[in-house]
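# Coordinates in review
The residues making up each chain are set out below.
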Amino acid sequence: MPELPEVETNARNLRRYARGKRIVAVTPPPGRRELGGLAPKAFAARVAGHVVEEVTRRGKWILCRLDGGAGLGLHLGMTGKIAAARGDEELPRFTRAVFALDDGARVCFVDSRRFGKLFAAGYAQLLERPEIARVGPDALSEVSVEELARILAASRRTVKEVLLDQTRLSGVGNLYATEALWRAKIHPAKPARALSAAQVRALHRGIRDALKHGLRTYASEDVPEYIEEGAPNPFHAYDRAGEPCHRCKTTLKSMVIGGRTSAFCPACQLRR
DNA sequence: AACGGAACCTGAAAGC
DNA sequence: TGCTTTCAGGTTCCGT
């Protein structure tokens, strides 16, 4: 589920659970694949015993600064989330790693599909890891209209692909790219460099509004789930192919761009 | 450099 | 009912 709003919500939750607390024991995932190649025991040894001093977000990464110059970087992948179990509460299904804190809480890294990442390293080295160092400016707080215009003008790819490129701007994934383009009335397959100045402004607003809508939707302690059992889809275009456009009632279509499904309105999202 | 496609995993839902 | 196929919110890697 995790794009900027969901990662931000998970980071806030983790901050509330863990900031100022000491990690007294770590149960790592069984293999190295989520750990950036590090052995599970080595991962646990690097993290255990440290106090969590600060939890921040960089694009879709959650960064924990630990005492003594240590660091922990978390990426939620496709299905990751942070949860906490207290007392003798049962751990959530698909818990892959557990961080026991000195207040008795157990913070869980839950990730059914196992595309998530847990990197343990010195904090400075963590920031230098290519996966993290490559992350571009934050789509919500660091990309002005002018900067967005430069980013789009510099690419020959479609606008949708640029929005998904975390090195250009970070935090937007398939869901919010779909939403932002619908809000801006721009066809996802339009070449990025072909947007007019007015379209760039509309897209900038569309990105911010879509992300803020996501933050409002998920601004609770509850684990974010974009569609829970029976809950209505809170989005305008994402996962709505075949349904009427919320603006013009035209049936939304879907196409694959950059390997990702993109729903859009063929009538009001302009290709030119 | 750029682009498409496969790969990495696993679960849920849809299809038959 | 049960087996098979398809699809999924992310990212990297590889061959052309």
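Residues numbered from 1 in each chain as written. Chains lettered and ligands numbered in written order. Predicted model: local features only at pLDDT ≥ 70, side-chain atom pairs only at ≥ 80, totals over all residues. Heavy atoms only, no water.

## Some thoughts on the protein's contact with DNA strand B
The condition is simple: What makes a residue near a molecule or strand is one non-hydrogen atom of that residue sitting within 4 Å of it. What qualifies as a polar contact is a pair of N or O atoms within 3.5 Å, subject to a donor-acceptor requirement within protein and to the restriction that residues adjacent in sequence count only when both atoms come from side chains.
As a matter of local geometry, DNA strand B sits amid ten residues, with R93, S112, R113, R114 and R157 nearest to it. Taking the atoms of DNA strand B that fall within 4 Å of the protein, sugar and phosphate contribute 65% of them. With respect to DNA strand B, the side chain of R93 contributes an N or O atom lying 3.1 Å from a phosphate oxygen. Between a base oxygen of DNA strand B and a side-chain N or O atom of R113, the distance comes to 3.1 Å.

## Some details on the sheet that holds strand β7 (residues 106–111)
The condition that has to hold: Between any two strands, at least two bridges found by DSSP are needed for them to pair. Secondary structure follows DSSP: runs of H or I at least 4 residues long count as helices, runs of E at least 2 residues long count as strands, and numbering of each begins at the N terminus. Axis lines are fitted to C-alpha atoms, over the contacting stretch for helices. Their N-to-C directions set the angle, which ranges from 0 to 180 degrees. Note on definitions: a residue-residue contact is assigned when non-hydrogen atoms from the two residues lie within 4.5 Å.
Taken in spatial order, the four strands of this open sheet run β1-β6-β7-β5, and their pairing is antiparallel. Strand pairing shows two members of the sheet lacking a second neighbour, β1 (23–27) and β5 (80–85), which therefore form its edges. Strand-to-strand twist of the sheet, defined as the mean angle between neighbouring strand axes without regard to direction, takes the value 20°. Here six bridges tie β5 to β7, and the two strands are oriented antiparallel to one another. Following the sheet pairing, A85 is matched in β7 by R106. Sitting on the sheet, helix α1 (residues 4–18) is in contact with β5, β6 (95–101) and β7, with an inclination near 25° to β5. Against the sheet, helix α2 (residues 40–47) contacts β1 and β6, and its axis sits at roughly 170° relative to β1.

## A look at helix α8 (residues 197–218)
We count it as follows: One less than the residue count of a helix, multiplied by 1.5 Å, gives the span that helix is expected to have. Residue exposure (1.4 Å probe, protein chains only): buried if accessible area is under 20% of the type maximum, exposed if over 50%, otherwise partly exposed.
Counted at 1.5 Å a residue, the expected span for α8 with its 22 residues is 32 Å, and the 32 Å between its end C-alpha atoms agrees. The complete set of buried residues in α8 reads Q199, V200, L203, H204, G206, I207, A210, L211, H213, G214, L215 and Y218.

So, to be careful, I would describe these as geometric facts and stop short of saying anything about function.
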